[in-house]
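Below are the chains, spelled out letter by letter.
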Amino acid sequence: MATEEELFASVDALLEEEPLLPSPAERARLREAAGITQARLAAALKTSTQSVKNWENGRSEPKEPRLSAYQRLLKGWAAKYPASPGASVAEPAPVVAPRPEPVPHTSAGPAAAPGAKGSVPAVRRPATASSAPAVRRAAAPAVDSRFPHGPLAVLDGDGSAYGVDGIVLDCPARTVPELVEWTLRESGLGAPKLHRHGKDSDPLIVLTAAAAVKLGLPERLEGHEQRRSLRLPADHPVVKQVAKAKWRLTRRGFGPWARIYRTAQGGQRQCVQLAVLSWDALDERSWPGVTEMEPAGIARALGVYARRVITPRGSTAVSGLELMTALRPPTRAVQDPRTGNWVSGHNPGSLGTDPMDPAPPEATQEHPVVVNSGWTGGFLDEEAYQWVRPVDLLTDEECHLPYAVGLDLNTAFLAAASRLTVGLSGPEHFVNPPFNPKVPGSWLVDLSHVELDPRLPSPFTPTGERPAGPAWYQTHTVAYAQELGCNVAPLEAYLRRETGAYLDPWHDRLKNAYVDTLADLGVTKDLSDAEFLEAMERRTQTDPGMAAVLSAVKATVKGGVGKLRERPQGRTYQQGERWPALERPTWRPDIRAAVISKARVNMHRKLLNMSRMTGLFPLAVLSDCVVYPSPGDSPLDFLPYAASGKPLPGGFRLGPSPGLAKLEGVQPMLWAVDLMEKGLNPARHIKGGDAVLDEGE
């Protein structure tokens, strides 16, 4: 039996050990209860945000002297914010989640039907406490009782399906058909429709590489084509399993984004979407860093996007286009006056269900309207700016300024979509019509006589060069020429009688998503200009998950506009043939032209006002980025302010809203002049790398 001396020695040894911290989940709970972000805690403990994340997810522990300081802080928080009576922060017992009503099902599949012997209900358990700052709860919509577990889940190889709000569902599926059955019958996943005449969003299951292999899918798709264009062959065992279970794949087959469905029954859709991460389902340019996150982090980022924008349905470009239709459904229920029955009818303000051919000047050169008609009358050239001021127009005073500062307009295409009137009916041809700025369409006008300061780009061409003669322009471009005091006399026009602000709900939803996500990153509307610049500088370090959501929202705007004029793909395409995108009512190059025309006009109006208020002229413009010579390394050194300190209206203003500006980058003025002399655009490189031109493609 141990002596008293031996016991005391053992106790003393325990007392000398390092301080014991609460569990990682409790650490996160205490911090969130105190309303402290990981970034602020990291600053207090003189460490990195990533270190705090590692402490809260159990990947690492702090070392002295931070260990004692961290323990002291947690003890203080524990006294202030004790856990709820009976609550456990470690691993509570699994709780059976409320099960949604089963979908009517007539075909036998491999998975057991709900209530049948051997069926496994979805089990909900909390994930390890998220290491990311809590997303503002005000942004989360009310939970739909039909979809208690949110819009999507990320399935890992061990059968854990990570959902939004930190839940984890146990998924017993071993095959793709079983996964589809479980998702529709047991998971409680999905999202309600965005418009009363629309459709609910199908549940999305995102597969990690381990989950894909477990379900019999290859970890990677291999082939000579672009990886996102690859598909499983029709004789692959998984494709055969799907067909044998009487499920169908869409025409796109089983690729990185696969839709598996049966015909809707009883008004209930039977469709599940799968996204395979290891098949490049998430483009790194749109979702930076997301595929490298843990499944819970991936679910959090995609879940925020789904709730603020739409459940992802493919690339961000596809999601952007689908969002337009979800917010402006093409049909609604109408009562047949003859029979009294309710039937599907046109939804006013939408683009309808039938594709619409563009006017010849609005089409692309390979379009059947152009090829079959032999059209040679020219085309709209409403594209984003790519302009560099001629070097010989630089003054000595400008060249002696120390800095070139780049400004970037937040989601310029989105700002242009606000209250934008577009055509909803087909184009009609007119000869010598009087110009009407309220009528959307394409106008053949000669604007070559318009005199403007050569130190500014022309507002009429994407290159910024003066027009050489008559050319086709969108309504906004011609209206701006009229605003500048020019006489416009159209020679021809293709106009649309039925009009509407089709993109307004799209603009409103994406604007809210953009502003709310920036707020989660600490960039809010109430900041001063100096505070705004500081907050934008550190936003990507604040929360990588929310930074990725912000990137995806921006890509949704650009890609959605680009999809309005999707070009043919594939080496076998022959000019004059119809391609799949033409069968969509949303193939509308005239609407794309209207957005880009208005965005370019908005940019020129600010450039012109800046020259009048400050005497400054830009060095270069690339889409929504403009570079100015500056006496200092900040926009605050050259932007116009009133004596009160408020920004002067009409020029560039700093802020988080769409259409306002942020700092893109700073370089020495000599660097910018050197690029200009080489015929390169400083706006492309001002950030320190190669910028991507926002062509809306």
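In what follows, the structure referred to is the one given above.
Quick notes on the rules
Residues numbered from 1 in each chain as written. Predicted model: local features only at pLDDT ≥ 70, side-chain atom pairs only at ≥ 80, totals over all residues. Heavy atoms only, no water. Salt bridge = Lys/Arg side-chain N within 4 Å of Asp/Glu carboxyl O. Helix = DSSP H or I, 4+ residues; strand = E, 2+ residues; numbered from the N terminus. Buried < 20%, exposed > 50% of the residue type's maximum accessible area, 1.4 Å probe, protein only. 1 Å grid on protein atoms, 1.4 Å probe; cavity = no way out; pocket = protein on both sides within 12 Å on 5 of 7 lines; lining within 4 Å. Points joined across faces, edges and corners; volume = space filled by probe spheres on them. Nonpolar A, V, L, I, M, F, W, Y, C, P; charged D, E, K, R; others polar. Pairing = 2+ DSSP bridges. Axes fitted to C-alpha atoms, helices over the stretch in contact; angles between N-to-C directions. Core = buried A, V, L, I, M, F, W, Y, C linked by side-chain atoms within 4.5 Å.

**Quick look at the pattern of salt bridges**
Piece 1. Applying the stated rule across the entire model yields 36 salt bridges.
Piece 2. Taking the shortest distance from any N to any O, the salt bridge between Arg 31 and Glu 32 comes out at 3.8 Å.
Piece 3. Glu 362 is the salt-bridge partner of Arg 496, the closest N and O atoms lying 3.0 Å from each other. Taken together, the residues Arg 496 in the loop between β18 (492-495) and β19 (499-500) and Glu 362 in the loop between β11 (342-346) and α11 (368-373) connect sequence positions 134 residues apart. Comparing Arg 496 with Glu 362 shows no difference in burial state: the two are buried.

**As for empty space enclosed by the protein**
Piece 1. One pass over the full model with this rule turns up 4 cavities of 30 Å³ or more.
Piece 2. A volume near 80 Å³ is recorded for the largest cavity.
Piece 3. Forming the walls of the largest cavity are Ala 384, Tyr 385, Leu 409, Ala 412, Phe 413, Ile 596, Ala 599, Arg 600, Met 603, Ser 623 and Asp 624.
Piece 4. Per-element tally for the lining of the largest cavity: the top contributor is helix α18 (residues 589-614), with 4 residues.
Piece 5. Each residue belonging to the lining of the largest cavity can be placed in one class, and the counts come to 8 nonpolar, 1 polar and 2 charged.
Piece 6. Estimates place the volume of the second largest cavity at around 60 Å³.
Piece 7. As for the second largest cavity, its lining consists of Glu 362, Val 422, Gly 423, Pro 440, Gly 441, Ser 442, Gln 474, Arg 496, Asp 590, Ile 591 and Ala 594.
Piece 8. Considering each element in turn, the lining of the second largest cavity owes the most residues, 3 residues, to α18.
Piece 9. Across the lining of the second largest cavity, the residue classes break down as 4 nonpolar, 4 polar and 3 charged.

**Points about the sheet that holds β18**
Piece 1. Overall, antiparallel pairing links the 4 strands, which are arranged β15-β18-β16-β17 in an open sheet. Single-partner strands in this sheet number two, and they are β15 (428-431) and β17 (470-474). Averaged over all neighbouring strand pairs, the angle between strand axes comes to 20 degrees, with direction disregarded.
Piece 2. Pairing between strand β16 (residues 441-446) and β17: 5 bridges, direction antiparallel. Each residue of the ladder has a partner; that of Asp 446, found in β17, is Pro 470.

**Looking at the nonpolar core**
Soluble globular proteins tend to pack their nonpolar side chains together in the buried interior.
Piece 1. With 86 residues, the main nonpolar core has Leu 503, Trp 506 and Phe 652 as its most contacted residues.
Piece 2. The dominant element in this core, judged by the number of residues it contributes, is α18, at 10 residues.
Piece 3. If you look at the next biggest cluster of nonpolar residues, it comprises 34 residues, including Ala 161, Cys 171, Val 239 and Ala 258.

**Details of the sheet that holds strand β20 (residues 620-622)**
Piece 1. Strand order in this open sheet of 5 strands is β12-β20-β21-β13-β22, and the pairing throughout is antiparallel. Two strands bound the open sheet, and with one partner strand each, they are β12 (386-388) and β22 (661-668). Averaged over all adjacent pairs, the angle separating strand axes in this sheet is 20 degrees, with direction ignored.
Piece 2. Across 3 bridges, β12 lies against β20 in antiparallel orientation. Along β20, the bridge assignment pairs Val 388 with Ala 620.

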